[in-house]
Amino acid sequence: MIEWINSIVQGVLTGGLYALFAAGLAIIFGVMRLVNIAHGDLIVLAAFVAMVVIETAGVDPFVSMIAVLPFMFFFGYVLQRGVLNYTLGDDLLPPLLVTFGISIVIQNLLLEIFSADSQRLNAGAIETASIKLAEGIEIGTLPLIVFVVAVALIAALQIGFSRTRLGRAFRATSDDPSTARLMGIRQRHVFGLAMGVSMVLVAIAGIFIGIRTNFDPALGPSRLLFAFEAVIIGGLGSMWGTLAGGVILGVAQNIGAKIDPGWQILAGHIAFLVILVLRPNGLFPRTRDE
Amino acid sequence: MSLLEIRNLDAFYGDFQALFGLDFDLDEHETVAAIGANGAGKTTLLRAITGMVEATSDALDYRGDSIQSREAADIVALGIAMVPEGRRLFPSLSVEENLVIGGYSGRPGGWSLDRVYELFPALRNRRSVPGTALSGGEQQMTAIGRALMSNPELILFDELSLGLAPVVVGEIYEVLPAIKAEGTAMVVVEQDINRALEVADRVYCLQEGRLALTGAPASLTRDRIAAAYFGT
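Here is a short report on the structure shown in this document. Small disclaimer: the values here were computed from a predicted structure and weren't measured. (Residues numbered from 1 in each chain as written. Chains lettered and ligands numbered in written order. Predicted model: local features only at pLDDT ≥ 70, side-chain atom pairs only at ≥ 80, totals over all residues. Heavy atoms only, no water.)

Summed over all chains, the structure comprises eight aromatic pairs over all chains. An aromatic cluster is present here, built from Tyr18, Phe21 and Phe226 of chain A joined pairwise through their rings. The lysine or arginine in question, Arg33 of chain A, covers the ring of Phe29 of chain A, its NZ or CZ lying 5.5 Å from the ring centre. Taking the ring centre of Tyr104 of chain B as reference, the NZ or CZ of Arg165 of chain A above it sits at 3.9 Å. (Phe/Tyr/Trp six-rings, centres within 6.5 Å; stacked < 30°, edge-to-face > 60°. Lys NZ or Arg CZ within 6 Å of the ring centre and 35° of its normal.)

Have a look at this one:
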């Protein structure tokens, strides 16, 4: 019994990382209806950027965030203003195709520059440190930090969306882009900022994934899949839904792995499909979409 | 002094031309009504002024400066606000947030949340509910308040009375003099001709994208207006 509880606890913690993957995706889909196929590759790109910063400056992965987060924000803003804004319109296909192309470009550039070798960001003793909760249940310090950071970021985003000027502009633009322009909201700039915020989350997720596991240029698509599943399970009603989606996915994967190690990924997909059948709009859908 | 001067305005939705060589003038503090049947081009005129539709002209000047091809956000910052047809409140924003976002451009002026609530007391108790949970009349009040929050010099009202009960329309029209008293110029697009003539200093009647008639309400007979409106 204790082993099952342990699997669920570990799954919840893994869900924090998935929620980080998903939050950035949810923001840009929510604000500008852009489905970013390159999202997973951007997470991997951020991990490689962090690797370069760490090697160049000789700093800890956590300290590298001081440089990586602003860089990725700026990168996201420029990507949106310079490329993606031109793909947005009534047709969903152009942004899908363009981000698919960006995904391929990122993968191949990373492959060209860094080779296909697996990489890892070395965070020292914290990687293996753990806290004993009970007999048979130990949680890793790093997964706990990732989960706490994910919860804190999602809380900050939720507050930011509901109480700040920019948050109101995001929501108004998401509701009705045309009328939002009549309020004086500069849509292209707001979209750029939304992508910038998304890339900050991507950068944090990329650094955490680099510390927790090996990464290589081909890792992006599978991270994208987890992000999509967490977003769809959550239902886009709130950022907390995204956290719930990530946690459900993480728990399902860990329970699957407990039954049979080969079932880990499959169990996550099955949980996703079951929720899609039972609640097609996800667990926390937007009220007006119901 | 002329606040808005438009000469030979053509406006398009893709290949479809909605306005043909329209001339339009508005003086400071003036209220002008734009009337006409469905498809006459009234809404397109407002959308051309606010930079929301593709338009060409010899002149589309606000305070003597061209606003043609300017971004909608720039035009709001200059002091032109719009109350769109159907209110178009933001569903995920509360009533108060809808009002607050009206001031997004940060244009200075005398309007504030408190003053909007003084103008529309019914909104004060409904400030926390989603804008779309309001009655049609309250939604229109919110849409007007939202436009006022940008501290405009000119407000464009699109189909002010559409879909509202007559008693509610009366309440809405009662606040227009208070807005005008602030020195705000107004363009009122309206299908209710009587209402439009009551508030307007001048009337423009459009027909199939062209100007059919213009003048002060007192100088226009019912027959002339009907002929221009219906094209008879």
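With that settled, consider the environment of Asn194 of chain B. Residue placement: Asn194 of chain B occurs in helix H8 (residues 193–199). For Asn194 of chain B, a relative accessible area of 44% translates into the label partly exposed. (Helix = DSSP H or I, 4+ residues; strand = E, 2+ residues; numbered from the N terminus. Buried < 20%, exposed > 50% of the residue type's maximum accessible area, 1.4 Å probe, protein only.)

Our next topic: the interface of chain A and chain B. Facing the 20 residues of chain A at the interface are 22 residues of chain B. For the pair chain A and chain B, the summed buried surface comes to about 2100 Å²; carbon and sulfur atoms form 58% of the total. On the chain A side of the interface with chain B, the three residues burying the most area are Leu182, Met183 and Arg186 of chain A, jointly 31% of the side's total. Taken together, the links from chain A to chain B amount to five salt bridges. Linking chain A with chain B are seven residue pairs in polar contact (both at pLDDT 80 or more), by the criterion used here. Where the side of chain A that touches chain B is concerned, the elements lending two or more residues are helix H6 (165–175), helix H7 (177–182) and helix H8 (187–212) of chain A. Among the elements that take part in the side of chain A that touches chain B, H6 of chain A stands out by supplying six residues, more than any other. Broken down by class, the residue content of the side of chain A that touches chain B amounts to seven nonpolar, four polar and nine charged. (Contact = heavy atoms within 4.5 Å. Buried area = accessible area lost by both parts, 1.4 Å probe. Salt bridge = Lys/Arg side-chain N within 4 Å of Asp/Glu carboxyl O. Polar contact = N/O pair within 3.5 Å; in protein donor to acceptor, adjacent residues only side chain to side chain. Nonpolar A, V, L, I, M, F, W, Y, C, P; charged D, E, K, R; others polar.)

All names here are of chain A. The N-to-C vectors of helix H9 (residues 220–234) and helix H10 (residues 239–259) enclose an angle of 120°; their axes lie 7 Å apart at closest approach. By the angle class used here, H9 and H10 are oblique. Remark: the crossing between H9 and H10 carries right-handed chirality. Contact with H9, carried on its side by Phe226, Glu229, Ala230, Ile233 and Gly234, involves Gly241, Thr242, Gly245, Gly246, Ile248, Leu249 and Gln253 of H10 and no other residues of that element. A breakdown of the residues in the contact of H9 with H10 according to their chemical character gives five nonpolar, six polar and one charged. (Axes fitted to C-alpha atoms, helices over the stretch in contact; angles between N-to-C directions. Parallel < 35°, antiparallel > 145°, perpendicular 65-115°, else oblique. Left-handed = near helix turned anticlockwise from the far one by under 90°.)

Residues and elements named next belong to chain B. Strand order in the open sheet formed by six strands is E7-E8-E9-E3-E10-E11, and the pairing between neighbours is mixed. The sheet terminates laterally at strand E7 (80–83) and strand E11 (210–215), the two strands that pair on one side only. Within this sheet the neighbouring strands show an average axis-to-axis angle of 15°, counted without direction. Note that E7 and strand E8 (residues 154–158) share four bridges and pair parallel. Within E8, the position partnered with Met82 by the bridge is Leu156. The sheet strands contacting helix H7 (residues 166–181) are strand E3 (31–35), E8 and strand E9 (185–190), and the helix crosses E9 at an angle near 155°. Lying on the sheet, helix H9 (residues 222–230) is in contact with E3, strand E10 (202–207) and E11; it crosses E10 at an angle near 35°. (Pairing = 2+ DSSP bridges.)

All names here are of chain A. Considering the arrangement of structural elements, one finds Ile209 in helix H8. The class for Ile209 is buried, based on a relative accessible area of 2%. Apart from residues no more than four positions distant in its own chain, Ile209 is found in contact with Leu17, Phe21, Ile43, Leu219 and Arg223.

Turning to the pairing of E9 of chain B, a few remarks are in order. All names here are of chain B. Of all six residues making up E9, six are buried, and the element is well covered by its neighbours. Here E9 shows two buried faces, one formed by Ala185, Val187 and Val189 and the other by Met186, Val188 and Glu190. Relative to E9, E3 is paired through five bridges, and the arrangement is parallel. What sits directly across from Val32, in E9, is Val187. Note that E8 and E9 share five bridges and pair parallel. Within E9, the position partnered with Phe157 by the bridge is Val188. Read from E8 through H7 to E9, the crossover connection turns out right-handed. (Right-handed = clockwise from strand over helix to strand, strands pointing away.)

Side-chain pairs of opposite charge can arise whenever the charged atoms involved come near each other. All told, the structure shown has 21 salt bridges over all chains when counted by the stated rule. Between Glu30 of chain B and Arg202 of chain B there is a salt bridge, with the nearest N and O atoms lying 2.7 Å from each other. Of this pair, Glu30 of chain B sits in the loop between strand E2 (16–27) and E3 while Arg202 of chain B is found in strand E10, placing the two residues 172 residues apart along the sequence. Assessed through its relative accessible area of 9%, Glu30 of chain B is described here as buried. Between Glu153 of chain B and Arg63 of chain B there is a salt bridge, and its shortest N-O distance comes to 3.1 Å. Here Glu153 of chain B, found in the loop between helix H6 (136–148) and E8, pairs with Arg63 of chain B, found in the loop between strand E5 (59–62) and strand E6 (65–66); they are 90 residues apart in sequence, far enough to count as distant. The partly exposed category is assigned to Glu153 of chain B, whose relative accessible area is 22%. Judged by relative accessible area, which is 30%, Arg63 of chain B ranks as partly exposed. Salt bridges sharing common partners tie together Arg186 and Arg188 of chain A together with Arg70, Glu71 and Asp74 of chain B.

Geometric values such as these leave the question of function open.
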